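Residue-level structure breakdown
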Amino acid sequence: MTVLLDCAIVGAGPGGLTAAVYLSRFRRSIAVFDAGNSRARWIPESHNCPGFPSGISGDAFLARLAAQARSFGARIEPGEATSIERHSGAGDGFALDVDGFRFDARCVVLATGCEDVMPQIEGLEDAVACAALRFCPICDAFEAADRDIAVHGPFASAARHALFLRTYSGRVTVVPTDTDASTDPQQGRRLRETGIAATAVPADMRFDGERCTFLIDGRRRAFDVVYAMLGSRQRSGLALSLGARCDDEGALHVDSHMHTSVPGLYAIGDVVSALNQIAVATGHAAIAATAVHNALSPRYAQAVSPPAGA
Ligand SMILES: Cc1cc2nc3c(=O)[nH]c(=O)nc-3n(C[C@H](O)[C@H](O)[C@H](O)COP(=O)(O)OP(=O)(O)OC[C@H]3O[C@@H](n4cnc5c(N)ncnc54)[C@H](O)[C@@H]3O)c2cc1C
């Protein structure tokens, strides 16, 4: 016999775990399924995560959230959801396949995130851990102030991020992955006016144990900080298999309650077309969990007799 959950949450990053905290506290039967690959695991130390003035690592933040969700009874299971189907005939609800086991749920919250396209370098994890290689100027440009910064990626996107980073450092260089420096003339003018240089396409990229380096026009050049802006892949396959609407990159469209275009299917965090930030994912989670709770039938508490003598 399979148990019918009120809600299945796919993904235990900041978004999914926060949804689990809320739904457990709404006294809903839930389970969180997680393939263990949260983007937050890459964060050496975040300084813009609300409530942590001394900073917190991604792993420590996830551990706190998981402990908080479990303290209210949330079940968090390792496993990858490989397919999802809508129940036919019953009106609503879903069947999820997680590592070969079937789980039924009235609603599903997808918190599956996205993954960055990483540069192919030896020592990648060490480079990220020591913050020589970064992926998110909104997250940590503050900590890169006045450093010698390279922005590596397709020219137009790298140039856009370089202009943002130029408000933190006077030494910002675009190291493009393509020769499409044409872009729009206005952007080219802004790069020149702000003193942002652009190099040729590098022959390779390496990590020397402290800094990332590029071989450019036959000479090796090191930067204090490299922002890799090589794009990302949305983990929206489950929703797309149900016909959910998405943008050109596969990020899911949702309404103001985080409801996708598929009835009963909600999406939060990086998998949604929005700013990819922890604070956004947790905010999405609060909205989605409350919408799920309100969409489900109320389950009224039993009347409890007052203690004798009260
Ligand atoms: C190097 C780095 C530094 C960053 N620094 C900051 C920072 O300082 N501040 C900030 O706000 N943000 C930062 N971010 C961004 C932040 O990590 C993300 O915005 C955040 O993790 C998004 O949370 P999420 O819950 O949407 O997705 P994720 O954290 O990516 O979690 C998604 C989870 O879903 C699981 N999953 C996916 N598909 C399935 C499936 N089919 N079945 C089961 N599980 C599945 C994944 O394995 C993963 O565990 C940083 C990101 C990186 C890479």
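None of these values were measured; they are calculated from a predicted model. (Residues numbered from 1 in each chain as written. Predicted model: local features only at pLDDT ≥ 70, side-chain atom pairs only at ≥ 80, totals over all residues.)

The next point concerns the sheet that holds strand 15 (residues 225-228). An order of 8-15-9-10-11 is seen for the five strands of this open sheet, with the pairing classed as parallel. Bordering the open sheet on either side are strand 8 (133-134) and strand 11 (197-198), each of which pairs with just one other strand. In terms of strand pairing, strand 9 (residues 149-153) meets strand 15 through four bridges, oriented parallel. The residue of strand 15 that forms the bridge with V151 is Y227. (Pairing = 2+ DSSP bridges. Helix = DSSP H or I, 4+ residues; strand = E, 2+ residues; numbered from the N terminus.)

Let us now look at the sheet that holds strand 14 (residues 219-223). Strand order across the open sheet formed by three strands is 12-13-14, with antiparallel pairing between neighbours. With partners counted over all chains shown, the strands left at the sheet margins are strand 12 (204-207) and strand 14, one partner each. Pairwise comparison of adjacent strand axes, ignoring direction, gives a mean angle of 25 degrees for this sheet. Here five bridges tie strand 13 (residues 212-216) to strand 14, and the two strands are oriented antiparallel to one another. Bridge pairing links F214 to R221 in strand 14. (Axes fitted to C-alpha atoms, helices over the stretch in contact; angles between N-to-C directions.)

Before going further, it helps to spend a moment on the site of the ligand. Around the ligand, a shell composed of 40 residues is seen, among which G11, G13, G15, G113 and G269 lie nearest. Looking at the shell around the ligand, the elements that each hand over two or more residues are helix 1 (14-25), strand 2 (30-34), helix 4 (137-140) and helix 8 (278-295). The class makeup of the residues in the shell around the ligand is 19 nonpolar, 14 polar and seven charged. Per-domain counts for the shell around the ligand show at least three residues from each of domain 1 (4-115 + 231-295) and domain 2 (118-228). (Near = placed C-beta within 6 Å. Nonpolar A, V, L, I, M, F, W, Y, C, P; charged D, E, K, R; others polar. Domains from an automatic or database assignment.)

Before going further, it helps to examine the nonpolar core. In terms of nonpolar packing, the biggest core is built from 55 residues, with C7, A8, A19, V108, V109, L110 and I268 touching the most fellow members. If near-sequence neighbours (up to four positions away) are discounted, I268 is found in contact with G15, A19, V109, A111, M258, A281, H284, A285 and A288. Formed by 28 residues, the second largest nonpolar core is a distinct cluster that contains A132, V174, M205 and V225. (Core = buried A, V, L, I, M, F, W, Y, C linked by C-beta atoms within 7 Å. Buried ≥ 20, exposed ≤ 12 C-beta atoms within 10 Å, placed from the backbone. Contact = placed C-beta atoms within 7 Å.)

So, about helix 8. The end-to-end C-alpha distance of helix 8, which contains 18 residues, comes to 25 Å, matching closely the 26 Å that a straight helix rising 1.5 Å per residue would cover. Buried within helix 8 are the following residues: I278, A281, T282, H284, A285, A288, A289 and V292. Taken down its axis, helix 8 places every buried residue within 155 degrees of arc, on the same side. Those residues of helix 8 hidden inside the fold are in contact with strand 1 (4-10), helix 1, strand 6 (101-110) and strand 17 (265-267). (Expected span 1.5 Å × (residues − 1). Arc of directions from axis to C-beta.)

A separate point is the domain arrangement of the protein. Where interface size is quoted, it is often the accessible area lost as the parts come together. As assigned here, the protein comprises domain 1 (4-115 + 231-295) and domain 2 (118-228). Placing the centre of domain 1 and that of domain 2 at their C-alpha centroids yields a distance of 32 Å. At the junction of the two partners, domain 1 supplies six residues and domain 2 supplies seven residues. Taken together, the residues of the side of domain 1 that touches domain 2 sort by class into two nonpolar, four polar and no charged.

Moving on, we come to the packing of helix 1 against helix 2 (residues 58-71). Their axes nearest at 8 Å, the elements helix 1 and helix 2 cross at an angle of 20 degrees. It follows from the interaxial angle that helix 1 and helix 2 lie roughly parallel. Like other packed secondary-structure pairs, helix 1 and helix 2 cross with a definite hand, here left-handed. Contact with helix 1, carried on its side by P14, L17, T18, A20, V21 and S24, involves F61, L62, L65, A66, Q68 and A69 of helix 2 and no other residues of that element. Looking at the contact of helix 1 with helix 2, its residues break down into nine nonpolar, three polar and no charged. (Parallel < 35°, antiparallel > 145°, perpendicular 65-115°, else oblique. Left-handed = near helix turned anticlockwise from the far one by under 90°.)

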